[in-house]
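Here is what each chain is made of, one letter per residue.
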Amino acid sequence: MTGFPQLRLRRLRRTEPLRALVRETSVEVGDLVYPLFIVEGNNLKQEIASMPGIFRYSVDLLPQEVEEIAKLGIPAVLLFGIPEHKDEVGSAAYHPEGVVQQAIRAIKQSAPELIVITDVCLCEYTSHGHCGVIVDGYVDNDQTLPLLARTALSHAEAGADIVAPSDMMDGRVKSIREALDEAGFNHISILSYAAKYASVFYEPFRVAAEATPQFGDRRSYQIDPPNWREALREVEQDVAEGADMILIKPALAYLDVIHRVRNTFNCPLAAYNVSGEFTMVKAAARCGWLDERRAIPEILTAIKRAGADVIITYHAKEFAQWQLLT
Ligand code: PBG
């Protein structure tokens, strides 16, 4: 008795309680991280043109926002800063009074239980918009490392729980780990954007963070989209350098990479459901072409099913609000 008609897979799909009983994957609010954009200035809450429903906040308006996030049960936020002052070496990224450093302190005061993750990268802070120092028109790896380490350290000093380098320089996890340990921050974790692809799906984010490269593109440091073995080598390298958690980015077009990394490595794995993935759903929903109340849970579930433990997503707040309604 091995096949049809005795075997009928539809039996367990007959009612919702039966389906729920055998459901293999679920997404919980506790798996989600909500990105926040912080601008310099006062009393600012600006909707981002390329990302409907997502705002940039000035530090003074953060307390209300993070209290709401914490109340929804979202465990963590990921911070991006948009500084007023940009220069060749991104000095606003590691200034002790920089916009992210101030934001970390404000969040820790108003919602101390919220995990604060910070994006460690120079692209929002450099006048040329690249993720590192430019030497002869090329992003110089080794001159960038100390600046990234300085940035991560200044975030730890301000009270960040996890620093997340997203620049794709070689050796940055090692540099950051050493800088943190030397300064007495051996308890601060590194979430490494180990496999970050040179993707078109970051475009709405670049408008949000004012971080579009002024010349060229990021293909000389981010991974070429057709490659998956290279992603495994990146992860291997970052784990060896001391990354506590690994991130794959983007998520949706790279579910195979998430799955392969999950099968090969045992460290906690995060996936970044990036701005372009968010915007595609929002645009289709606005046109009436897609029911986002169903599309978003399906997308988040797919990312978890592929193997992610944690999902960074702009949908976190709405997903959490819908969970409260059902
Ligand atoms: C900065 C950074 C980017 C994103 C996160 N950190 C942009 C980029 O590399 O161009 C993209 C996030 C998103 O699209 O939601 N290096």
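This write-up is about the structure you can find in this document. (Residues numbered from 1 in each chain as written. Predicted model: local features only at pLDDT ≥ 70, side-chain atom pairs only at ≥ 80, totals over all residues. Heavy atoms only, no water.)

Here's the deal with unusual backbone geometry
Thought 1: The peptide bond linking Phe4 to Pro5 adopts the cis configuration, its omega dihedral lying at 10 degrees.
Thought 2: Within the secondary structure, Pro5 sits in the segment before α1 (16-21).
Thought 3: Here the amide bond leading from Lys249 into Pro250 is cis, since omega sits at -10 degrees, within 30 degrees of zero.
Thought 4: Of note, Pro250 is situated in the loop between β10 (245-249) and α8 (255-264).
Thought 5: Positive phi is not limited to glycine here, since Asn43 has a value of about 55 degrees.
Thought 6: A positive phi angle, close to 50 degrees, is found at Glu210, a residue other than glycine.
Thought 7: Among the structural elements, Glu210 can be located in the loop between α6 (203-209) and α7 (229-241). (Helix = DSSP H or I, 4+ residues; strand = E, 2+ residues; numbered from the N terminus.)

Things to note about empty space enclosed by the protein
Thought 1: Applying the stated criterion to the full structure yields one cavity of 30 Å³ or more.
Thought 2: Taken as a whole, the largest cavity holds about 140 Å³ of empty space.
Thought 3: Lining the largest cavity are 17 residues; nearest its centre among them are Phe80, Lys196, Tyr202, Phe205 and Lys249.
Thought 4: Grouping the constituent residues of the lining of the largest cavity by class yields eight nonpolar, three polar and six charged. (1 Å grid on protein atoms, 1.4 Å probe; cavity = no way out; pocket = protein on both sides within 12 Å on 5 of 7 lines; lining within 4 Å. Points joined across faces, edges and corners; volume = space filled by probe spheres on them. Nonpolar A, V, L, I, M, F, W, Y, C, P; charged D, E, K, R; others polar.)

Comments concerning the site of the ligand
Thought 1: Near the ligand, the surroundings consist of 19 residues, among which Lys196, Arg206, Lys249, Ser275 and Tyr314 are the closest.
Thought 2: One of the side-chain nitrogen or oxygen atoms of Gln222 is found 3.0 Å away from an oxygen atom of the ligand.
Thought 3: Contact distances for the ligand include 2.6 Å between an oxygen atom and a side-chain N or O atom of Tyr314.
Thought 4: Bound to the protein, the ligand loses 100% of the 410 Å² it would expose on its own.
Thought 5: In this structure the site holding the ligand corresponds to the largest cavity.
Thought 6: Taken together, the residues that form the shell around the ligand break down as 10 nonpolar, three polar and six charged. (Near = heavy atom within 4 Å. Polar contact = N/O pair within 3.5 Å; in protein donor to acceptor, adjacent residues only side chain to side chain. Areas by Shrake-Rupley, 256 points an atom, 1.4 Å probe, with all protein chains shown as cover. Sits in = over half its atoms within 2 Å of the grid points.)

Focus on the layout of surface pockets
Thought 1: Here the largest pocket defines a volume of roughly 360 Å³.
Thought 2: Lining the largest pocket are Val22, Arg23, Glu24, Thr25, Ser26, Val27, Pro297, Thr301 and Arg305.
Thought 3: Taken together, the residues of the lining of the largest pocket sort by class into three nonpolar, three polar and three charged.
Thought 4: Empty space within the second largest pocket amounts to approximately 260 Å³.
Thought 5: Taken together, 20 residues make up the lining of the second largest pocket; nearest its centre are Pro52, Gly53, Ile54, Phe278 and Glu318.
Thought 6: Secondary structure elements with two or more residues in the lining of the second largest pocket: β1 (32-39), β3 (55-58), α9 (275-286) and α11 (316-325).
Thought 7: For the lining of the second largest pocket, the residue count by class is 11 nonpolar, two polar and seven charged.

Some words on the pairing of strand β8 (residues 162-165)
Thought 1: Burial along β8 is two-sided: the residues Ile162 and Ala164 and Val163 and Pro165 are all buried.
Thought 2: Pairing between strand β5 (residues 115-120) and β8: four bridges, direction parallel. Bridge pairing links Ile117 to Ile162 in β8.
Thought 3: Bridge count for β8 against strand β9 (residues 189-196) is two bridges, and the pairing is parallel. Bridged to Val163 within β9 is Ile190.
Thought 4: Once you follow β8 into helix α5 (residues 172-182) and on to β9, the crossover reads as right-handed. (Buried < 20%, exposed > 50% of the residue type's maximum accessible area, 1.4 Å probe, protein only. Pairing = 2+ DSSP bridges. Right-handed = clockwise from strand over helix to strand, strands pointing away.)

A few points about the packing of helix α10 (residues 292-306) against α11
Axis angle and axis distance: for two packed helices, these are the angle between their axes and the distance between the axes, and together they describe the pair.
Thought 1: Where α10 meets α11, the axes come as close as 11 Å, and the angle between the chain directions of the two elements is 110 degrees. Between α10 and α11, the angle is such that the two are roughly perpendicular. Note on packing geometry: the crossing formed by α10 with α11 is left-handed. Residues Glu292, Arg293, Ile296, Pro297 and Leu300 of α10 form the contact with α11, whose own contacting residues are Glu318, Phe319, Trp322 and Leu325.
Thought 2: Residues that form the contact of α10 with α11 fall into these classes: six nonpolar, no polar and three charged. (Axes fitted to C-alpha atoms, helices over the stretch in contact; angles between N-to-C directions. Parallel < 35°, antiparallel > 145°, perpendicular 65-115°, else oblique. Left-handed = near helix turned anticlockwise from the far one by under 90°. Contact = heavy atoms within 4.5 Å.)

Quick look at helix α4 (residues 141-158)
Thought 1: With 18 residues, α4 should cover 26 Å at 1.5 Å per step; its first-to-last C-alpha distance of 26 Å lies within 8% of that length.
Thought 2: Three or more residues of α4 are buried, namely Thr144, Leu145, Leu147, Leu148, Ala149, Thr151, Ala152, Leu153, Ser154, His155, Ala156 and Ala158.
Thought 3: Residues of α4 that are buried in the fold lie against α3 (99-110), β5, β6 (133-135), β7 (138-140), β8 and α5.
Thought 4: Structurally, the start of α4 carries an N-cap: the backbone nitrogen of Asp142 is 3.3 Å from a side-chain oxygen of Asp140. (Expected span 1.5 Å × (residues − 1).)

Note that every value here comes from positions in space, so none of it alone points to a role or purpose.
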